[in-house]
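# Chain and residue survey
Each chain, written out:
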Amino acid sequence: MMNPILKKILNFSAFQRVLGPSPDLQGLARADALLLNLVNQKKVPGLSITALKDGKTILQKGYGYADIEKEDPVDPTKTIFRIASVSKNIAATALAFMVEEGKIELDESFYKYVHYFPKKQWDFTIRQLASHTAGIRGYRGTEYGLNKPYSFKESIKIFKDDPLLFEPGTDYFYNSYDWVLISLAMEEVSGIPFEEYVQKKVLTPLGMGNTFTPDCPVERSRDFHEFDEELLSTFYTKNRLGGFREAIPVNNFYKLAGGGYLSTSEDIAKFGQAYLEREILNEETRFQFLTSQFIDGKPTYYGLGWQVSQDQKGRPYYGHIGNGVGGYSNFFVYPEEQMVFVILINCTDPKVQEDLDEVVDTLILSLNESLRS
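Residues numbered from 1 in each chain as written. Predicted model: local features only at pLDDT ≥ 70, side-chain atom pairs only at ≥ 80, totals over all residues. Heavy atoms only, no water.

### Comments concerning the pairing of strand S1 (residues 46–53)
- A large share of S1 lies buried, amounting to eight of its eight residues.
- Burial along S1 is two-sided: Gly46, Ser48, Thr50 and Leu52 facing one way and Leu47, Ile49, Ala51 and Lys53 facing the other are all buried.
- One ladder, built from eight bridges, connects S1 with strand S2 (residues 56–67); its direction is antiparallel. Among the inter-strand pairings, Leu52 is bridged to a residue of S2, identified as Thr57.
- Between the end of S1 and the start of S2, which pair antiparallel, lie two residues, with Asp54 showing a positive phi angle near 55°.
- Pairing geometry for S1 and strand S13 (residues 339–345), over seven bridges, is antiparallel. Within S13, the position partnered with Ile49 by the bridge is Ile343. (Buried < 20%, exposed > 50% of the residue type's maximum accessible area, 1.4 Å probe, protein only. Helix = DSSP H or I, 4+ residues; strand = E, 2+ residues; numbered from the N terminus. Pairing = 2+ DSSP bridges.)

As C-alpha coordinates, then:
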(Lines give C-alpha, C1' and ligand atoms only; values in the text may rest on other atoms or scores of the structure.)
Protein backbone atom coordinates (compact mmCIF):
# COMPACT_ATOMS: atom_id res chain seq x y z
CA MET A 1 0.00 0.00 0.00
CA MET A 2 1.30 3.46 -0.88
CA ASN A 3 2.47 5.64 1.97
CA PRO A 4 -0.47 8.01 2.66
CA ILE A 5 1.76 11.07 2.66
CA LEU A 6 3.21 10.10 -0.73
CA LYS A 7 -0.29 9.47 -2.04
CA LYS A 8 -1.38 12.89 -0.87
CA ILE A 9 1.57 14.50 -2.61
CA LEU A 10 1.07 12.63 -5.85
CA ASN A 11 -2.57 13.63 -5.90
CA PHE A 12 -2.03 17.25 -4.87
CA SER A 13 -2.08 19.77 -7.68
CA ALA A 14 0.96 21.57 -6.31
CA PHE A 15 3.09 18.64 -7.42
CA GLN A 16 1.66 18.29 -10.89
CA ARG A 17 4.74 19.95 -12.36
CA VAL A 18 7.54 17.74 -10.99
CA LEU A 19 9.77 18.08 -14.02
CA GLY A 20 13.22 17.04 -15.20
CA PRO A 21 15.07 14.16 -13.52
CA SER A 22 12.56 12.51 -11.17
CA PRO A 23 13.32 13.77 -7.63
CA ASP A 24 13.25 11.58 -4.57
CA LEU A 25 9.57 11.68 -3.61
CA GLN A 26 10.39 10.72 -0.06
CA GLY A 27 12.42 13.94 0.19
CA LEU A 28 9.50 15.93 -1.16
CA ALA A 29 7.17 14.16 1.24
CA ARG A 30 9.42 15.05 4.17
CA ALA A 31 9.63 18.70 3.14
CA ASP A 32 5.86 18.77 2.73
CA ALA A 33 5.37 17.23 6.16
CA LEU A 34 7.74 19.73 7.79
CA LEU A 35 5.84 22.67 6.32
CA LEU A 36 2.44 21.20 7.12
CA ASN A 37 3.62 20.67 10.69
CA LEU A 38 4.35 24.39 11.08
CA VAL A 39 0.67 25.07 10.47
CA ASN A 40 -0.64 22.13 12.49
CA GLN A 41 1.45 23.14 15.50
CA LYS A 42 0.28 26.75 15.08
CA LYS A 43 3.77 28.05 14.55
CA VAL A 44 2.59 29.98 11.49
CA PRO A 45 -0.89 31.00 10.28
CA GLY A 46 -0.05 30.43 6.63
CA LEU A 47 2.87 30.13 4.25
CA SER A 48 3.70 29.76 0.60
CA ILE A 49 6.66 27.98 -0.96
CA THR A 50 8.03 27.90 -4.49
CA ALA A 51 11.16 25.85 -5.15
CA LEU A 52 12.83 25.57 -8.56
CA LYS A 53 15.54 23.27 -9.92
CA ASP A 54 17.05 24.14 -13.31
CA GLY A 55 14.15 26.50 -13.83
CA LYS A 56 11.53 23.82 -13.25
CA THR A 57 9.09 23.77 -10.35
CA ILE A 58 9.78 20.98 -7.88
CA LEU A 59 7.53 22.22 -5.10
CA GLN A 60 4.93 24.95 -5.16
CA LYS A 61 2.24 24.89 -2.52
CA GLY A 62 0.32 26.91 0.02
CA TYR A 63 -0.12 25.86 3.65
CA GLY A 64 -2.55 27.16 6.24
CA TYR A 65 -4.60 30.31 5.78
CA ALA A 66 -4.20 33.66 4.14
CA ASP A 67 -7.03 34.71 6.45
CA ILE A 68 -7.72 32.59 9.52
CA GLU A 69 -11.20 33.89 10.24
CA LYS A 70 -12.42 33.44 6.67
CA GLU A 71 -10.42 30.19 6.30
CA ASP A 72 -9.06 31.43 2.97
CA PRO A 73 -6.32 29.00 1.87
CA VAL A 74 -2.90 30.21 0.74
CA ASP A 75 -2.34 30.05 -3.03
CA PRO A 76 1.37 30.29 -3.96
CA THR A 77 0.51 31.85 -7.33
CA LYS A 78 -1.93 34.46 -6.02
CA THR A 79 -1.68 35.09 -2.27
CA ILE A 80 0.19 38.35 -1.68
CA PHE A 81 2.55 38.60 1.30
CA ARG A 82 4.78 41.27 2.75
CA ILE A 83 8.23 40.19 1.61
CA ALA A 84 10.06 42.47 4.08
CA SER A 85 13.81 42.72 3.39
CA VAL A 86 13.66 40.63 0.23
CA SER A 87 12.65 44.06 -1.09
CA LYS A 88 16.33 45.00 -0.84
CA ASN A 89 17.15 42.46 -3.56
CA ILE A 90 14.62 44.09 -5.88
CA ALA A 91 15.88 47.58 -5.05
CA ALA A 92 19.50 46.48 -5.46
CA THR A 93 18.70 45.17 -8.93
CA ALA A 94 17.20 48.53 -9.90
CA LEU A 95 20.25 50.29 -8.46
CA ALA A 96 22.49 47.98 -10.52
CA PHE A 97 20.67 49.01 -13.68
CA MET A 98 21.18 52.65 -12.77
CA VAL A 99 24.88 51.97 -12.26
CA GLU A 100 25.09 50.32 -15.68
CA GLU A 101 23.36 53.33 -17.21
CA GLY A 102 25.99 55.60 -15.67
CA LYS A 103 23.45 57.55 -13.67
CA ILE A 104 24.89 56.59 -10.27
CA GLU A 105 28.47 55.71 -9.32
CA LEU A 106 28.81 53.35 -6.38
CA ASP A 107 31.91 55.02 -4.97
CA GLU A 108 30.64 58.58 -5.25
CA SER A 109 29.56 60.46 -2.17
CA PHE A 110 25.89 60.14 -1.32
CA TYR A 111 25.84 63.94 -1.07
CA LYS A 112 26.48 64.22 -4.80
CA TYR A 113 22.96 62.92 -5.32
CA VAL A 114 21.17 64.19 -2.19
CA HIS A 115 22.78 67.47 -1.24
CA TYR A 116 20.20 68.42 1.39
CA PHE A 117 20.92 65.52 3.76
CA PRO A 118 22.69 66.96 6.84
CA LYS A 119 26.46 66.68 6.68
CA LYS A 120 28.01 64.17 9.08
CA GLN A 121 31.42 63.85 10.66
CA TRP A 122 32.46 61.65 7.74
CA ASP A 123 31.42 61.35 4.13
CA PHE A 124 29.90 58.08 2.89
CA THR A 125 29.22 56.51 -0.48
CA ILE A 126 26.39 54.71 -2.26
CA ARG A 127 28.39 51.48 -2.04
CA GLN A 128 28.71 51.88 1.73
CA LEU A 129 24.96 52.44 2.07
CA ALA A 130 24.18 49.39 -0.08
CA SER A 131 26.56 47.21 1.95
CA HIS A 132 25.49 48.55 5.36
CA THR A 133 28.94 49.93 6.12
CA ALA A 134 28.00 53.63 6.09
CA GLY A 135 27.22 53.90 9.81
CA ILE A 136 23.55 54.91 9.48
CA ARG A 137 21.58 53.88 12.55
CA GLY A 138 18.68 51.42 12.65
CA TYR A 139 15.17 51.50 14.09
CA ARG A 140 14.56 52.97 17.53
CA GLY A 141 11.51 52.48 19.71
CA THR A 142 8.30 52.38 17.69
CA GLU A 143 9.95 53.24 14.35
CA TYR A 144 9.77 49.58 13.30
CA GLY A 145 5.98 49.86 13.14
CA LEU A 146 5.37 53.37 11.82
CA ASN A 147 1.99 54.03 10.26
CA LYS A 148 2.56 57.41 8.64
CA PRO A 149 2.26 58.18 4.91
CA TYR A 150 5.80 59.51 4.51
CA SER A 151 7.45 60.02 1.15
CA PHE A 152 11.10 59.00 0.97
CA LYS A 153 12.17 62.63 1.39
CA GLU A 154 9.81 63.25 4.29
CA SER A 155 10.90 60.10 6.11
CA ILE A 156 14.55 61.08 6.50
CA LYS A 157 13.51 63.43 9.30
CA ILE A 158 13.30 60.29 11.45
CA PHE A 159 17.07 59.81 11.47
CA LYS A 160 18.74 62.61 9.48
CA ASP A 161 20.01 64.53 12.50
CA ASP A 162 21.62 61.55 14.24
CA PRO A 163 25.38 60.99 14.08
CA LEU A 164 26.91 58.06 12.25
CA LEU A 165 27.55 55.02 14.41
CA PHE A 166 31.12 54.64 13.13
CA GLU A 167 33.47 55.91 10.44
CA PRO A 168 32.12 54.56 7.13
CA GLY A 169 33.96 51.50 5.86
CA THR A 170 35.25 50.47 9.27
CA ASP A 171 32.31 48.39 10.47
CA TYR A 172 29.04 46.74 9.40
CA PHE A 173 25.59 47.56 10.75
CA TYR A 174 22.53 46.14 9.03
CA ASN A 175 19.53 48.48 8.77
CA SER A 176 16.78 49.54 6.36
CA TYR A 177 17.38 53.28 6.51
CA ASP A 178 20.41 52.79 4.24
CA TRP A 179 17.99 51.81 1.49
CA VAL A 180 15.65 54.71 2.21
CA LEU A 181 18.59 56.95 1.34
CA ILE A 182 19.50 54.93 -1.75
CA SER A 183 15.93 55.06 -3.07
CA LEU A 184 15.92 58.81 -2.46
CA ALA A 185 19.18 59.19 -4.40
CA MET A 186 17.79 57.09 -7.26
CA GLU A 187 14.68 59.23 -7.39
CA GLU A 188 16.68 62.46 -7.43
CA VAL A 189 18.93 61.19 -10.23
CA SER A 190 16.25 59.68 -12.46
CA GLY A 191 13.66 62.40 -12.01
CA ILE A 192 10.89 59.80 -11.79
CA PRO A 193 9.37 57.99 -8.82
CA PHE A 194 11.58 55.18 -7.53
CA GLU A 195 8.75 52.65 -7.77
CA GLU A 196 8.15 53.59 -11.41
CA TYR A 197 11.81 53.00 -12.26
CA VAL A 198 11.73 49.61 -10.51
CA GLN A 199 8.55 48.67 -12.35
CA LYS A 200 10.01 49.52 -15.74
CA LYS A 201 13.48 48.04 -15.22
CA VAL A 202 12.81 45.00 -13.02
CA LEU A 203 9.23 43.93 -12.38
CA THR A 204 7.70 44.26 -15.85
CA PRO A 205 10.63 42.77 -17.82
CA LEU A 206 10.77 39.74 -15.50
CA GLY A 207 7.02 39.16 -15.63
CA MET A 208 6.57 39.85 -11.92
CA GLY A 209 2.94 40.83 -12.31
CA ASN A 210 2.05 40.00 -8.71
CA THR A 211 4.67 42.22 -7.06
CA PHE A 212 3.27 45.49 -5.80
CA THR A 213 3.99 48.77 -4.06
CA PRO A 214 1.92 49.11 -0.86
CA ASP A 215 0.32 52.32 0.35
CA CYS A 216 1.49 54.18 -2.73
CA PRO A 217 0.21 57.78 -2.76
CA VAL A 218 -2.40 58.30 -5.48
CA GLU A 219 -0.41 61.02 -7.22
CA ARG A 220 2.51 58.59 -7.66
CA SER A 221 0.62 55.51 -8.77
CA ARG A 222 -1.45 56.59 -11.77
CA ASP A 223 0.34 54.24 -14.16
CA PHE A 224 0.36 51.20 -11.91
CA HIS A 225 -2.13 48.36 -11.96
CA GLU A 226 -3.92 47.86 -8.66
CA PHE A 227 -3.87 44.50 -6.95
CA ASP A 228 -6.96 42.61 -5.88
CA GLU A 229 -7.39 43.31 -2.17
CA GLU A 230 -8.99 39.87 -1.76
CA LEU A 231 -5.64 38.28 -2.68
CA LEU A 232 -3.77 40.20 0.02
CA SER A 233 -2.98 38.03 3.00
CA THR A 234 -4.07 39.16 6.43
CA PHE A 235 -0.98 40.06 8.44
CA TYR A 236 -0.55 38.44 11.85
CA THR A 237 1.53 38.53 15.00
CA LYS A 238 1.87 35.67 17.48
CA ASN A 239 0.01 35.82 20.77
CA ARG A 240 2.02 35.15 23.89
CA LEU A 241 -0.29 32.31 24.90
CA GLY A 242 -0.45 30.77 21.44
CA GLY A 243 -2.44 31.53 18.35
CA PHE A 244 -2.36 34.69 16.29
CA ARG A 245 -3.81 38.18 16.29
CA GLU A 246 -3.85 40.70 13.48
CA ALA A 247 -0.66 42.75 13.32
CA ILE A 248 -0.67 46.48 13.98
CA PRO A 249 -1.35 48.65 10.90
CA VAL A 250 1.78 50.04 9.28
CA ASN A 251 2.59 52.15 6.24
CA ASN A 252 5.73 50.80 4.61
CA PHE A 253 5.84 53.00 1.54
CA TYR A 254 8.70 55.20 2.74
CA LYS A 255 10.91 52.13 3.23
CA LEU A 256 9.79 50.44 0.03
CA ALA A 257 13.37 49.72 -1.07
CA GLY A 258 14.42 48.31 2.27
CA GLY A 259 11.37 46.29 3.24
CA GLY A 260 8.12 47.45 1.67
CA TYR A 261 7.22 45.35 -1.35
CA LEU A 262 4.33 42.88 -1.57
CA SER A 263 4.59 39.73 -3.67
CA THR A 264 3.90 36.03 -4.13
CA SER A 265 6.38 33.19 -3.74
CA GLU A 266 5.99 32.41 -7.44
CA ASP A 267 6.97 35.95 -8.47
CA ILE A 268 10.07 36.05 -6.27
CA ALA A 269 11.12 32.65 -7.63
CA LYS A 270 10.94 34.11 -11.16
CA PHE A 271 13.24 36.87 -9.95
CA GLY A 272 15.75 34.39 -8.55
CA GLN A 273 15.67 32.29 -11.71
CA ALA A 274 16.46 35.37 -13.80
CA TYR A 275 19.66 35.76 -11.79
CA LEU A 276 20.56 32.09 -12.20
CA GLU A 277 20.06 32.32 -15.94
CA ARG A 278 21.94 35.64 -16.12
CA GLU A 279 19.02 37.26 -17.91
CA ILE A 280 19.63 40.63 -16.32
CA LEU A 281 22.67 42.83 -15.77
CA ASN A 282 26.15 42.22 -17.10
CA GLU A 283 28.63 39.88 -15.46
CA GLU A 284 30.74 42.62 -13.88
CA THR A 285 27.73 44.29 -12.29
CA ARG A 286 26.33 41.03 -10.93
CA PHE A 287 29.74 40.21 -9.48
CA GLN A 288 29.93 43.55 -7.67
CA PHE A 289 26.50 43.20 -6.13
CA LEU A 290 26.74 39.48 -5.28
CA THR A 291 30.19 39.55 -3.67
CA SER A 292 30.61 39.91 0.07
CA GLN A 293 32.20 43.09 1.31
CA PHE A 294 35.14 42.91 3.73
CA ILE A 295 35.98 44.81 6.92
CA ASP A 296 39.57 44.44 8.16
CA GLY A 297 40.01 41.45 5.90
CA LYS A 298 36.93 39.64 7.23
CA PRO A 299 33.79 39.06 5.13
CA THR A 300 30.55 40.70 6.18
CA TYR A 301 28.60 38.01 4.27
CA TYR A 302 26.72 40.85 2.63
CA GLY A 303 27.16 42.25 -0.86
CA LEU A 304 25.23 45.25 -2.17
CA GLY A 305 21.65 44.66 -1.10
CA TRP A 306 22.18 40.89 -1.03
CA GLN A 307 23.08 38.43 1.71
CA VAL A 308 25.98 36.41 0.31
CA SER A 309 26.92 33.45 2.44
CA GLN A 310 27.02 29.67 2.88
CA ASP A 311 24.53 27.42 4.61
CA GLN A 312 25.45 24.99 7.39
CA LYS A 313 26.56 22.43 4.81
CA GLY A 314 28.96 24.91 3.20
CA ARG A 315 26.83 25.45 0.10
CA PRO A 316 27.07 29.03 -1.24
CA TYR A 317 23.92 31.03 -1.75
CA TYR A 318 22.71 34.58 -2.17
CA GLY A 319 19.34 36.13 -1.36
CA HIS A 320 17.80 37.46 1.83
CA ILE A 321 15.88 36.68 4.99
CA GLY A 322 13.23 39.27 5.77
CA ASN A 323 11.21 40.12 8.85
CA GLY A 324 8.61 42.86 9.09
CA VAL A 325 5.30 43.60 10.75
CA GLY A 326 3.03 40.77 9.60
CA GLY A 327 5.53 39.16 7.27
CA TYR A 328 8.53 36.82 7.27
CA SER A 329 10.43 35.75 4.16
CA ASN A 330 13.20 33.48 2.91
CA PHE A 331 14.69 33.90 -0.57
CA PHE A 332 17.72 31.79 -1.44
CA VAL A 333 19.46 31.25 -4.77
CA TYR A 334 21.90 28.32 -4.83
CA PRO A 335 24.07 28.78 -7.95
CA GLU A 336 25.95 25.48 -7.71
CA GLU A 337 22.74 23.49 -7.31
CA GLN A 338 20.86 25.72 -9.80
CA MET A 339 18.04 25.96 -7.27
CA VAL A 340 15.80 28.77 -6.05
CA PHE A 341 13.80 28.71 -2.80
CA VAL A 342 11.14 31.19 -1.73
CA ILE A 343 9.12 30.83 1.46
CA LEU A 344 6.73 33.58 2.55
CA ILE A 345 4.86 33.65 5.88
CA ASN A 346 2.07 36.03 6.93
CA CYS A 347 3.33 36.59 10.48
CA THR A 348 5.90 38.74 12.24
CA ASP A 349 9.01 36.71 13.10
CA PRO A 350 7.45 33.31 13.87
CA LYS A 351 10.77 31.85 15.12
CA VAL A 352 10.84 29.02 12.57
CA GLN A 353 14.08 29.69 10.71
CA GLU A 354 15.61 26.37 11.74
CA ASP A 355 12.56 24.59 10.36
CA LEU A 356 12.80 26.47 7.07
CA ASP A 357 16.52 25.70 6.82
CA GLU A 358 15.68 22.03 7.25
CA VAL A 359 13.12 22.21 4.45
CA VAL A 360 15.67 23.75 2.09
CA ASP A 361 18.32 21.22 3.06
CA THR A 362 15.89 18.33 2.59
CA LEU A 363 14.96 19.48 -0.90
CA ILE A 364 18.57 19.99 -1.95
CA LEU A 365 19.61 16.58 -0.66
CA SER A 366 16.65 14.82 -2.27
CA LEU A 367 17.36 16.36 -5.66
CA ASN A 368 21.09 15.63 -5.44
CA GLU A 369 20.41 12.01 -4.50
CA SER A 370 17.94 11.70 -7.37
CA LEU A 371 20.47 12.99 -9.87
CA ARG A 372 23.12 10.57 -8.63
CA SER A 373 20.80 7.58 -8.88
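### Description of empty space enclosed by the protein
- Applying the stated rule across the entire model yields one cavity of 30 Å³ or more.
- Taken as a whole, the largest cavity holds about 40 Å³ of empty space. (1 Å grid on protein atoms, 1.4 Å probe; cavity = no way out; pocket = protein on both sides within 12 Å on 5 of 7 lines; lining within 4 Å. Points joined across faces, edges and corners; volume = space filled by probe spheres on them.)

### Description of the side chain of Ser233
- Looking at where Ser233 falls in the secondary structure, it is placed in the loop between helix H7 (194–203) and strand S5 (236–238).
- Looking at Ser233, the relative accessible area reads 2%, which means it is buried.
- Only 3.3 Å separates the side chain of Ser233 from the backbone oxygen of Ala66, close enough to count as a polar contact.
- When residues no more than four places from it in sequence are discounted, the contact partners of Ser233 are Ala66, Thr79, Ile80 and Asn346. (Polar contact = N/O pair within 3.5 Å; in protein donor to acceptor, adjacent residues only side chain to side chain. Contact = heavy atoms within 4.5 Å.)

### Observations concerning the nonpolar core
- Of all hydrophobic cores here, the largest spans 75 residues; its most connected members are Ile90, Leu95, Phe124 and Trp306.
- When contributions to this core are tallied by element, the ones reaching two or more residues are helix H3 (87–100), helix H4 (126–130), helix H6 (177–190), H7, helix H8 (256–259), helix H9 (265–276), strand S12 (327–334) and S13.
- Considering each element in turn, this core owes the most residues, nine residues, to H3.
- Those residues in contact with Phe124 that sit more than four places away from it in its chain are Glu108, Ser109, Phe110, Tyr111, Phe117, Leu129, Ala134, Ile136, Leu164, Pro168 and Leu181. (Core = buried A, V, L, I, M, F, W, Y, C linked by side-chain atoms within 4.5 Å.)

### Points about the packing of aromatic side chains
- Within this structure, the stated rule accounts for 25 aromatic pairs.
- Following the ring pairs from residue to residue traces out a cluster consisting of Phe110, Tyr111, Phe117, Phe124, Tyr139, Tyr144, Phe159 and Tyr177.
- Lying over the aromatic face of Tyr111, Lys119 brings its terminal NZ or CZ to 4.0 Å of the ring centre.
- Above the face of the Tyr144 ring, Lys255 is positioned so that its terminal group lies 5.5 Å from the ring centre. (Phe/Tyr/Trp six-rings, centres within 6.5 Å; stacked < 30°, edge-to-face > 60°. Lys NZ or Arg CZ within 6 Å of the ring centre and 35° of its normal.)

### Overview of the packing of H3 against H6
- It is the contact of H3 with H6, at a shortest axis distance of 11 Å, that shows an interaxial angle of 35°. As for how H3 packs across H6, the hand of that crossing is left-handed. On the side of H3, the interface is formed by Lys88, Ala91, Ala92, Ala94, Leu95 and Met98, while H6 contributes Trp179, Ile182, Met186, Val189 and Ser190.
- For the contact of H3 with H6, the residue count by class is nine nonpolar, one polar and one charged. (Axes fitted to C-alpha atoms, helices over the stretch in contact; angles between N-to-C directions. Left-handed = near helix turned anticlockwise from the far one by under 90°. Nonpolar A, V, L, I, M, F, W, Y, C, P; charged D, E, K, R; others polar.)

### Looking at the environment of Glu358
- Tracing the sequence through the fold places Glu358 in helix H11 (residues 353–372).
- On the accessibility criterion, Glu358 (30% relative accessible area) is partly exposed.
- Between the C-alpha atom of Glu358 and that of Ala31, which follows or precedes it by 327 residues, the distance is 8.0 Å.
- If we skip the residues at most four places from it in the chain, Glu358 touches Arg30 and Leu34.
- Reaching out from Glu358, the side chain makes a polar contact with the side chain of Arg30 at a distance of 2.4 Å.

So yeah, pure geometry; function would need other evidence.
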